Amino acid sequence: MRLRTLLFLAFALLALVPLAVSVPLASRRIEETFARELGARADSAAALANSELERLRAEVEQAVAACATDPATEAVALQLETGVPPAADAMRAVAEGRPLSVLTLRDAAGVSRSSAFLPARVGDVEPGLAAVRVGEPPVVVPVEVQRPDGVQLRPALAAARSVEAAHASVTLVGGRVLDDAWVARLAGLTGARVELEGPGLAPAVAGTAEGRTVQRQVPLGAALLRLAVGSAAVDETRATLLRALLAAGALGLGLALLGGLLVARAITRPVEALTAGVRSVAAGALDTRVPAAGAGEVRVLVDAFNRMTEDLGHATRALRAAEQAAAWEGVARSLAHELRNPLTPLQMSLETLLAARSARDPRFEALFVESAPAMLEEVERLRRTIDAFARFARLPAAQLEPLDLTSWTEQALGVAGARPSVALRWEPGPPLPVRADRDQLAQLLHNLLRNAEEAMPSGGRVTVRTRAEGSWALLEVEDTGPGIASEDRARVLEPGITTKASGTGLGLALGARIAQGHGGTLEVDGATTGGALLRLRIPRAEAATPGPGSP
Amino acid sequence: MLVLLVATGTPRPAGAAARARDGGTLRVAALPEVRADRTGETPEGAVAAALLAAPLCRLDALGHPEPLLATFQRSSDGVSVLPRPGTRFPSGAPLGPAELARAWSRALERSPAARAALAPVHDAAATLEQAARTRGTALVLQLAHPWPDLEATLCHPALAPTLGDGGTEGIGPYLPDGSDRGRASPGFPEGRPHPDAFVLSSLARRAAQRALESRSVQVLLGDGGEAGSPALFATYLVSRPAARPVVALLAPRLDRAALVRSFVGGQAAPMPGLLPPALGGPDRPGARPPPARGAGTGLLLYVADRPAQRAVAERLQILLRDAGVQLTLGPRSADALDRDWRAGQGDLALRSVLLPPLPAPALAVALELGVDVATADRERAALGALSDPAERAARARERALQLASALPVLPLYVEGLRARLDPGLIDARRDGFGLWVLDDAWWP
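This structure is a prediction, so every number in the text was calculated from the model and none was measured. (Residues numbered from 1 in each chain as written. Chains lettered and ligands numbered in written order. Predicted model: local features only at pLDDT ≥ 70, side-chain atom pairs only at ≥ 80, totals over all residues.)

Undergrad: So what exactly am I meant to see when it comes to the overall build of chain A here?
TA: Secondary structure assignment for chain A yields 11 helices and 16 strands. With 551 residues in all, chain A has 32% of them scored as buried. Taking the contacts inside chain A whose residues are at least 6 apart along the sequence as the reference set, 64% of them involve residues at least 24 apart. (Helix = DSSP H or I, 4+ residues; strand = E, 2+ residues; numbered from the N terminus. Buried ≥ 20, exposed ≤ 12 C-beta atoms within 10 Å, placed from the backbone. Contact = placed C-beta atoms within 7 Å.)

Undergrad: What is the right way to look at the overall build of chain B in this model?
TA: For chain B, the helix and strand inventory stands at 14 helices and 21 strands. Taking all 444 residues of chain B together, the buried fraction comes to 55%. Considering only contacts within chain B whose residues lie at least 6 apart along the sequence, 74% involve residues at least 24 apart.

Undergrad: Which parts of the structure should I look at to understand the interface of chain A and chain B?
TA: By convention, interface size is frequently given as the accessible area that disappears when the constituent parts associate. With 13 residues of chain A in contact, the opposing surface of chain B contributes 16 residues. Among the residues forming the side of chain A that touches chain B, the class breakdown is 8 nonpolar, 3 polar and 2 charged. (Nonpolar A, V, L, I, M, F, W, Y, C, P; charged D, E, K, R; others polar.)

Undergrad: What should I look at first to understand the sheet that holds strand S16 (residues 325-332) of chain B in this one?
TA: To summarise the sheet geometry, strands pair through backbone hydrogen bonds and adopt either a parallel or an antiparallel arrangement. Residues and elements named next belong to chain B. Sheet architecture is open: 6 strands sit in the order S14-S18-S13-S17-S15-S16, paired in mixed fashion. For this open sheet the edge positions go to strand S14 (268-270) and S16, each flanked by a neighbour on one side alone. With strand direction ignored, the average angle separating the axes of adjacent strands in the sheet is 25°. Pairing geometry for strand S15 (residues 296-303) and strand S17 (residues 348-354), over 2 bridges, is parallel. Looking at the pairing, Leu 300 lines up with Leu 348 of S17. Of the strands in this sheet, S14 and strand S18 (409-416) touch helix H9 (residues 256-264), which is tilted by about 45° from S18. Sheet contacts for helix H12 (residues 359-369): strand S13 (231-239), S17 and S18; angle to S13, the most-contacted strand, approximately 25°. (Pairing = 2+ DSSP bridges. Axes fitted to C-alpha atoms, helices over the stretch in contact; angles between N-to-C directions.)

Undergrad: What's the story with the environment of A:Glu523 in this structure? I'm lost.
TA: The residue A:Glu523 is located in strand S15 (residues 521-526) in this model. Spatially, the C-alpha atom of A:Glu523 lies 8.8 Å from that of A:Ala490, the residues being 33 residues apart in sequence.

Undergrad: Would you take a moment to explain the environment of B:Leu412 for this structure?
TA: Residues and elements named next belong to chain B. In this structure, Leu 412 sits in strand S18. A tally of 24 C-beta atoms within 10 Å means that Leu 412 is categorised as buried. With 61 residues separating them along the chain, Leu 412 and Arg 351 place their C-alpha atoms 9.9 Å apart. Not counting chain neighbours up to four residues away, the residues in contact with Leu 412 comprise Thr 235, Tyr 236, Leu 237, Arg 256, Leu 259, Met 271 and Val 312.

Undergrad: Is there a simple way to think about the nonpolar core in this case?
TA: Most often, soluble globular proteins have nonpolar side chains that are buried together. Residues A:Ala158, A:Leu227, B:Val28, B:Ala29, B:Leu221, B:Val312 and B:Leu363 are the most contacted members of the largest nonpolar core, which totals 203 residues. Ranked by the residues each element gives to this core, the list is headed by helix H1 (residues 3-68) of chain A, at 9 residues. Membership of the second largest hydrophobic core comes to 36 residues, among which are A:Leu444, A:Leu533, A:Leu536 and A:Ile538. (Core = buried A, V, L, I, M, F, W, Y, C linked by C-beta atoms within 7 Å.)

Undergrad: Which parts of the structure should I look at to understand helix H5 (residues 124-133) of chain B?
TA: Note on helix geometry: an α-helix contains 3.6 residues per turn, so any two residues three or four positions apart are oriented the same way. Residues and elements named next belong to chain B. Of the residues making up H5, those classed as buried are Ala 124, Thr 127, Leu 128 and Ala 131. Mapping the buried residues of H5 onto a view down its axis gives an arc of 95°, with all of them on the same face. Across H5 from its buried face, at more than 90 degrees, point the exposed residues Ala 126 and Arg 133. Buried residues belonging to H5 abut helix H3 (97-110), helix H4 (112-118) and strand S6 (139-142). (Arc of directions from axis to C-beta.)

Undergrad: Explain unusual backbone geometry to me, please; I cannot follow it from the model alone.
TA: A negative phi angle characterises most non-glycine residues, just as the trans form characterises most peptide bonds. All names here are of chain B. Positive phi outside glycine occurs at Arg 215, with the angle close to 60°. Within the fold, Arg 215 resides in the loop between helix H7 (205-213) and strand S12 (219-221). With a phi angle near 70°, Asp 427 is a residue other than glycine that sits in the positive phi range. With respect to the element layout, Asp 427 can be found in the loop between strand S19 (419-421) and strand S20 (429-430). On the neighbour-count criterion, Asp 427 (19 C-beta atoms within 10 Å) is partly exposed.

Undergrad: What is the right way to read the sheet that holds strand S7 (residues 204-206) of chain A from this model?
TA: Residues and elements named next belong to chain A. Overall, antiparallel pairing links the 4 strands, which are arranged S7-S6-S9-S8 in an open sheet. On the outer flanks of this sheet lie S7 and strand S8 (213-219), each paired with one strand and no other. Pairwise comparison of adjacent strand axes, ignoring direction, gives a mean angle of 15° for this sheet.

Undergrad: I would appreciate a short explanation of the packing of H9(B) against helix H10 (residues 307-322) of chain B in the present structure.
TA: Working note: a packed helix pair is described by the angle between its axes plus the distance between those axes. All names here are of chain B. Between H9 and H10, the least distance of the axes is 9 Å, while the angle of their chain directions is 125°. By the angle class used here, H9 and H10 are oblique. Crossing hand, H9 versus H10: right-handed. Side by side, H9 and H10 meet where Leu 259, Phe 263 and Val 264 of the first sit next to Ala 308, Ala 311, Val 312 and Arg 315 of the second. (Parallel < 35°, antiparallel > 145°, perpendicular 65-115°, else oblique. Left-handed = near helix turned anticlockwise from the far one by under 90°.)

Undergrad: When you look at the pairing of strand S16 (residues 532-539) of chain A in this model, what are you seeing that I'm missing?
TA: For a regular strand, side chains alternate in direction, first toward one face of the sheet and then toward the other. Residue and element names in this part refer to chain A. Most of S16 is tucked away, with 8 of its 8 residues classed as buried. Along S16, one buried face is formed by Ala 532, Leu 534, Leu 536 and Ile 538 and the opposite face, lined by Leu 533, Arg 535, Arg 537 and Pro 539, is buried too. By the bridge criterion, 7 bridges tie strand S14 (residues 472-479) to S16 in an arrangement that is antiparallel. Paired with Leu 475 across the bridge in S16 is Leu 536. Pairing geometry for S15 and S16, over 6 bridges, is antiparallel. Across the sheet, Glu 523 pairs through a bridge with Arg 535, a residue of S16. Linkage of S15 to S16, two consecutive antiparallel strands, is achieved through a turn of 5 residues, within which Gly 530 is found at a positive phi near 100°.

Written out as C-alpha cells, the structure is:
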C-alpha cells in the first residue's frame, strides 16, 4: 500500500475517532435534555390542568351561590313548599346566562324537584349529586347527561347550597359537566392529549400525543384526568439537531480527509520523488536529481539524495574511465602480445636469411624455401589478429527481425562444423520467438562453439540447448572442458581477456556486445560437468519489457 | 253508563239577556307549539284550524252528530254523506263527494284518528279513490260491519274537508284574509260569525298570559284549561313486537301520575287504560310488578314540536336507562312520525291522538295504533254488533281492559284542551271533543 494511502487512511482514522466518540456523547446529551424537556412539558400540562380546575371550582362555587339567592330559585323553592310541583324544567330560567350545565333543586330527601339540564330525572334521587354536600367545596361527581342518542355518565364539578328562602330543607346543586368541549379546551390549553375517564363514565379524549408519551395523572375523585405529552415536536427538534450534528461531523470528517489528503500528498511527494529518483539511479540514470521540496527531515533527505547521486555519478564516471583505461590497457597488451608473437619468428627468420645471404651460405636457398612459408604464416596470423580487432571495433548496429530462436539454432548447428573429437549435442527447447539479427547471432554462436572447442583440445562434448525463462529466451552452450574459474568469469567478457594460451580475447567480448545489441546479456557460468556454460539471454518477442529478476 | 260530556263551559252563563252583536275582531293568541300544529291534530291546533276549516259535523254533549257541512243518511249496509248544497271553499270550488273523498284520502295518509274513523268502511281507501273520480251528490260509505258510531266519528277534526295538496284550504266561519287573519264568511252554513274578523298571534307563554289578562286577546291557546272539561287527547307508547320486552321493563317503573305532574302538566291526567277516564277508562293503575333490569337498545320516535312529548320521551329514556336499556330519541314532525312509523322506523313511538268522545270509536283508535288489522276488525265488528249505545260503551270499556296487556299500546296520559278565554267572551261553547267552538262568540 502506498505511503500516501496509508497516511490518508491514518488521517481518516484520526478524524473518525473523535467523531465516533463525540457524536454518540452529544446525541445522548441531546436525548437526556429533550427527555427532561418532555417531562417538564408534562408537568406544565398537569399544572395548567390543576389551574383550570381551580378556576372552574371558583366559577362553579360563585355561580351556584348566585343561583341559590336568585329570586327565581326562591320562587321555585317556595312553590315546592306549597305542595304544587314546579315544572320539571323550572330551573332552566335560573340557569340561563350562567356558566353551569348542572342545576337541580332537590328536597330534603335528596329527590330532584326541578332541573335545568336533566328535568327527566325529576322525581328521582340522582345518585351522583347526592354526594355533593352543602357548604363543601365543589367536588367531581358522576352526573347523567341526556342526549338524543342516549344517556351518558359524565364527570361534573358540582357544589351545593341551601336555598335560604325556603323553610324546608331545599338544596340547590349546580355545577359544570366536564364534557368533550371542556376536555378539548383543556387539550388546547395544555397542548397534551387529555383523557377523562372513570368507572362507568363515558370516556372523553381530546388532543393528540404522537411519538413517545409522558403521562401525568390528575385524580378528580370520581374521575381521573390523564394528560399525555407526545414527543413528536421534541423528536423533530431533536432529529434536526442530530442531523445538524451529523452534518457538522460529516463536514468535519470531509475537511479532515481533504486536509489529510493534502498533507499526505505534501509529505509523500518528496518521498515519491526520492523513490522515483532511486529507481532512476538503479536503472543507471546517475544524473537523476530530485527537485528540492518538502521541509525538515524530508528536505535534508532530498538534499542528501541529490548529493549522493552526484557523488555516485562522479564515482561511476571515474570508475568507467578507469575501466576503459584498463580495457584499453588489456587491448593494447593483447594487441602487443598478439603482434609480438609473430614478429619474433619473423625477425629471427629474416635475420637467419640475411646472415645466410651475407655469408653466401649455400643453404640460403634451402633456408629461404624453408622460412618463407613460415614467415607468410606469421604475417597471416598478424592479419587475422588485426581483422579481429577491426571487427570488434566496427560491429554494426543489430538489424532485428522476428525469428524462432530454437528453429534458427537448429538450422545453424546443421551447417556448423566441429572437430571429430568434439561431440555436438543439441537439446532443443520450445519455440522461442525473438527479435534478432541473424548474422550477428550466427557470429555469436560461432564464437561460443569455437571457444568451447578451444577449451577442449583433446576432445569432449559440447551441448547446445534453448529454453525459456520467464520473459527471456536462453541459448546455452556447455562444454566438458576445464571450465572458467569463478574469479575469472566476470573478466572473460572484457576485450583482450582470455584464459587460453592462444586467442585474441575478443571472441566472448564480441559476443557480449552482440548480446547487448539485442537487449540481453551474455552470462558466464559453470556447467554441472565442471566445464564452462555460456548463456545468451535475450527478451522474448512477446515480452515487451524485461521483467523483474532480469540480470 | 252513558258518558255525559260537558258541552257547555262558557266563562259565564250564556248571556241570554244580552243581544249578540256583530262586529269587532276576535283576537286569538297561540303559544309557539300550537302554531307548530298546522294540521290541527292537537286540541288547541284543532280549535285554531276550525276557524278556517270546520269539521264535517259537530258532536253535541251526548255525542250526537250535528250536521254542519254535510248530512248523513244511513242505509242497511252503510252511510251516505251528502255535502250541503251550495257549500263552497274560499276558492269557489264546491264541496262535493269527490272533494270530500280526496280530503279524506289525504287524511288517511297522515292521521291515525282518520284511519280509525274510516276503518269500518269496506275497503275505505279504494272506496275513497273511486269516489274521488266520480260525480254525484253523496259519498256512499259501505260498511264492512255494523258500526253505529260512524257518523259521530266523521265529525273528528282530522276529517275536516280541505282542499289542495297541502290540505290548507277549508270551509270555516272565516275566510282567510292574509297570514293568520280571517274575515267573517257570510256563506258559512251556520251563518256568519259575530266578529267581523279574527287575528291569530303567536306569543310566548308569559306574553300570552299577560295579553289575556289585559284583554288584549280574547282567546289563549296552549295554556290553562278547565278541570271539568273532557280530556280526550290521549298519548300512547306504541311498540314493535320486538320491543315488547323494553315496554315490559318500562311498565313497572312508570308512574303515570308523576309523569303527568312533572312532565306533562296542564290539563292532563294519567291514563292507565286504553280508554281515558273521561270515557270510563280506569283512573288508577293496576298492581305493578317489581322493576327488573334488562339490556338492549331502542329508538323512540316522538313529535319534536310538542314539549310534553319531548319531556315524556326524555323521562322514558331515563327510566329505561335505569332498566338497562339504551334508548335513542328520534324527534320527528307529526307528519313524519306517522309516515316513518308506518314505514317501519323506530322501535317505540309516542302517539298522541284526539279520541272520539265515545268509548267504542276511542277503542278503535287504540286498535288502529296497535297495527293489528285483524284484531281491530274483529273487535270493531263485535262492538258494532251491539246496537244499544250504552251496552256498546260498556263492552268497549270491558274490552279495553282485556286488551290492555295484549295490544302493543301502552297508554300513558290524556290531556284536555289547553285554552283560556276572556271572561267577557259570550257564547263560546264546547263540542263533544271538548273543543271550543268560537263561531258564535261575541263580547259586549
